[in-house]
Amino acid sequence: MGNIKEVLISEDKIQNRILELAQAIEKDYDGEILMIGILKGSTIFMSDLVRKINKNVYMEFIQVSSYEGTESTGTVNIKKDVEIELVGKDVLIVEDIIDTGNTMGYLIENLKQRGAKSVEIVTLLSKPARRLKEIECKYIGFEIEDKFVVGFGMDYNQNYRNLPYIGIYDNSEENI
């Protein structure tokens, strides 16, 4: 499909790993779980994850922006905020990919300042080679190399989100 150089993680591997993550989350949370998905990339991952958790899950969403094309701008902006009070709540942030860590670092501090009792992270992908800010992530689906990936909710300029797998995007024609 288009500029996909190769399939990095198959649909089957993704679904198996999501089940493992759901089971770990179930064990770690006694009561209800407040999940805050980061729009738009986390929506497919979050949908599959919550369906595999056999506990009461509350879903909220936040939209933050720090990317243009394939590069991080370094500036984090909240475009859509959560709609509930966070004071005293255990929050589990659901993210598609942790790259530089700047967005996640900002978001963790922001949610804690609003009174969240605890803030943990579940991410489908982690890209430690790009990390500028160290982030403690409790649940990681897959650790990947420094490649620009799309699919399973992740995009390149709003394209490729609907792929059921994670592929490496080839932007070599754009760099000529």
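Residues numbered from 1 in each chain as written. Predicted model: local features only at pLDDT ≥ 70, side-chain atom pairs only at ≥ 80, totals over all residues. Heavy atoms only, no water.

Caption draft 1: Local environment of unusual backbone geometry. K40 follows L39 through a cis peptide bond whose omega is 0°. Checked against the element boundaries, K40 lands in the loop between β2 (33-39) and α2 (43-51). Positive phi values are uncommon outside glycine, yet N157 reaches one of about 50°. Residue placement: N157 occurs in the loop between β8 (149-150) and β9 (166-169). (Helix = DSSP H or I, 4+ residues; strand = E, 2+ residues; numbered from the N terminus.)

Caption draft 2: Just the packing of helix α1 (residues 11-28) against α2, in detail. Following both chains from N to C, one finds α1 and α2 inclined at 60°, their axes separated by 9 Å at the closest point. Comparing the axis directions of α1 and α2 gives the class oblique. Pair α1 / α2 crosses with right-handed handedness. Mapping the contact onto sequence places Q15, I18, L21, A22 and I25 in α1 and F45, D48 and L49 in α2. (Axes fitted to C-alpha atoms, helices over the stretch in contact; angles between N-to-C directions. Parallel < 35°, antiparallel > 145°, perpendicular 65-115°, else oblique. Left-handed = near helix turned anticlockwise from the far one by under 90°. Contact = heavy atoms within 4.5 Å.)

Caption draft 3: Spotlight on the confidence of the model for the protein chain. Averaged over every residue, the pLDDT of the protein chain is 91; residues scoring 70 or more account for 91%. When the elements of the protein chain are averaged for pLDDT, strand β4 (residues 71-80) gives the smallest value, 76, and strand β7 (residues 139-143) the largest, 98. (pLDDT = per-residue confidence, 0-100.)

Caption draft 4: Quick look at the pairing of β9. Both strand β1 (residues 4-9) and β9 contribute to a ladder of four bridges, which runs antiparallel. Paired with I4 across the strands is Y169, a residue of β9. Here β8 pairs with β9 via two bridges, running antiparallel. Across the sheet, residue V149 finds its bridge partner in β9, namely I168. (Pairing = 2+ DSSP bridges.)

Caption draft 5: Geometry of the nonpolar core. Membership of the largest hydrophobic core comes to 29 residues, with the highest contact counts inside it found for I25, M35, L49 and L125. Those elements that provide at least two residues to this core are α1, β2, α2, β5 (90-98), β6 (118-126), β7 and β9. With five residues, the single largest contributor to this core is α1. Counting residues in hydrophobic clusters, the runner-up holds 20 residues, among them I38, V64, A116 and I121. (Core = buried A, V, L, I, M, F, W, Y, C linked by side-chain atoms within 4.5 Å. Buried < 20%, exposed > 50% of the residue type's maximum accessible area, 1.4 Å probe, protein only.)

Caption draft 6: Fine view of the pattern of salt bridges. Within this structure, the stated rule accounts for 10 salt bridges. A salt bridge links D48 to R51; its shortest N-O distance comes to 2.3 Å. Note that D48 and R51 are positioned in helix α2 at a spacing of three residues, about one turn of the helix. With a relative accessible area of 61%, R51 lands in the exposed category. E83 is the partner of K80 in a salt bridge, and the nearest nitrogen-oxygen pair spans 3.7 Å. Among the residues examined, K80 registers a relative accessible area of 27% and is labelled partly exposed. Counted as one network, the salt bridges with shared partners bring together D99, K127, R130 and D146. (Salt bridge = Lys/Arg side-chain N within 4 Å of Asp/Glu carboxyl O.)

Caption draft 7: Broad picture of the packing of aromatic side chains. Inspection of the entire model under this criterion finds four aromatic pairs. Measuring from centroid to centroid gives 6.2 Å for F148 and Y156, while their planes differ by 85°, and the two rings are edge-to-face. Where Y156 meets Y169, the ring centres are 4.5 Å apart and the plane angle is 25°; that geometry is what we call stacked. Placement of the pair is Y156 in the loop between β8 and β9 and Y169 in strand β9, with a sequence separation of 13 residues. When sorted by exposure, Y156 lands in the same class as Y169, which is buried. (Phe/Tyr/Trp six-rings, centres within 6.5 Å; stacked < 30°, edge-to-face > 60°.)

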